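Per-entry structural report
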Amino acid sequence: MSAPLYNRDILALAVATAEHLPNPGARYHASARAPLCGSRIILDLDTDEGGRVTAIGMHVEACALGQAAATLLARHAPGREIDAIRAVRDAIAGWFGGTGDVPDWPGFDLLAPARDYPARHGAILLPFDAAITALEERGARV
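Summarised in this report is the structure supplied together with it. On a predicted model such as this, the values are computed, not experimentally measured, just so you know.

1. Some details on the environment of Ala 14
Tracing the backbone through its elements, the reader meets Ala 14 in helix H1 (residues 8–15). Residues Ala 14 and Pro 24 lie 10 residues apart in sequence; the distance between their C-alpha atoms is 22 Å.

Next up, the structure:
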């Protein structure tokens, strides 16, 4: 029997988006929308001089899975550069497509039941897409 799609751990991560409030003063911003489900995120991001994420703020309008993915990004992106975030985003997409193992990102194993629900994949990828967009904006400014 497979694990339930929405469980206590997912719901706890979903409400934890409140720990990462929007930061209009951040240096980089991105907004993104998942066309299939309509999930939306506005992401505010700061980096250090080396391009490593130092802080993420966000406003997320998504299902519990999308909110949980956003929390996992906000908690574990600090200290990472765009290449690491892009690599995990690609690993998530590959895993959704049936190749590879559960992506190597802290807590992502909690989202494993969502693999069988393609309509939720866009919401889960959304925060990673927004972070990449924001970090690409940084590259354009350098």
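2. Focus on the packing of aromatic side chains
Counted by the stated rule, this structure contains three aromatic pairs. Look at Trp 95 and Phe 96: their rings are 5.3 Å apart centre to centre, the planes differ by 35°, and that puts the pair in the tilted class. Taken as a pair, Trp 95 and Phe 96 share a single burial class, namely buried. Each ring, one from Trp 105 and one from Phe 128, has its centre 5.6 Å from the other, and the planes form 80°; the classification is edge-to-face. One end of the pair, Trp 105, is in the loop between helix H3 (82–96) and helix H4 (118–141); the other, Phe 128, is in helix H4, with 23 residues separating them in the sequence. Among the residues examined, Trp 105 registers a relative accessible area of 3% and is labelled buried. Given the relative accessible area of 0%, Phe 128 is considered buried. Taking NZ or CZ as reference, Arg 80 lies 4.1 Å from the ring centre of Trp 105, over its face.

3. Some details on the environment of Ile 124
Looking at where Ile 124 falls in the secondary structure, it is placed in helix H4. Residue class for Ile 124 comes out buried when judged on its relative accessible area of 0%. Residues Ile 124 and Gln 67 lie 57 residues apart in sequence; the distance between their C-alpha atoms is 7.9 Å. In contact with Ile 124, not counting residues within four places along its chain, are Leu 65, Gly 66, Ala 69, Phe 96, Phe 108, Leu 111 and Ala 114.

4. Comments concerning the side chain of Ser 39
Examined against the element boundaries, Ser 39 turns out to sit in the loop between strand S1 (28–33) and strand S2 (40–47). Ser 39 gets classed as buried once you look at its relative accessible area, which sits at 4%. Setting aside anything within four residues of it in sequence, one finds Ser 39 in contact with Ala 32, Arg 33, Ala 34, Glu 61, Ala 62, Cys 63, Ala 123 and Leu 126.

5. Focus: the pattern of salt bridges
Throughout the structure, instances matching the rule amount to seven salt bridges. Residues Arg 40 and Glu 61 are paired through a salt bridge, measuring 3.6 Å at the closest nitrogen-oxygen approach. Here Arg 40, found in strand S2, pairs with Glu 61, found in strand S3 (residues 53–61); they are 21 residues apart in sequence, far enough to count as distant. Look at Arg 40 and you get partly exposed, because its relative accessible area is 40%. With a relative accessible area of 41%, Glu 61 lands in the partly exposed category. As a salt-bridge pair, Glu 81 and Arg 52 come within 3.8 Å of each other at their nearest N and O atoms. Here Arg 52 lies in the loop between S2 and S3 and Glu 81 lies in the loop between helix H2 (64–76) and H3, a separation of 29 residues in the sequence. Using a relative accessible area of 34% as the deciding quantity, one classes Arg 52 as partly exposed. Among the charged side chains, a salt-bridge network with shared partners connects Asp 48, Arg 52 and Glu 81.

Reading the values: the criteria
- Starting from 1, residues in each chain are numbered consecutively following that chain's sequence as written.
- Totals for whole chains, interfaces and linings use every residue, but because this is a predicted model, local features are given only for residues with pLDDT of at least 70 and side-chain atom pairs only at 80 or more, for both listing and counting.
- Side-chain metrics in this entry use all non-hydrogen atoms of the structure; hydrogen atoms and water are not considered.
- Helix and strand assignments come from DSSP, with helices taken as H or I runs of at least 4 residues and strands as E runs of at least 2, each series counted from the N terminus.
- Centres within 6.5 Å make a pair out of two Phe, Tyr or Trp rings, where for Trp the six-membered ring is used; the pair is then stacked when the planes are under 30 degrees apart, edge-to-face when over 60, and tilted otherwise.
- The classification of residues rests on relative accessible area computed with a 1.4 Å probe and restricted to protein chains. Under 20% of the type maximum is buried, over 50% is exposed, and intermediate values are partly exposed.
- Remark: a charge is flagged as sitting over a ring if the NZ atom of Lys or the CZ atom of Arg is within 6 Å of the ring centre and within 35 degrees of the ring normal.
- Working rule for contacts: check all heavy atoms of both residues, and any pair within 4.5 Å makes them a contact.
- Any carboxyl oxygen of Asp or Glu within 4 Å of a side-chain nitrogen of Lys or Arg constitutes a salt bridge here.

None of the figures reported here should be taken as evidence of function without further support.
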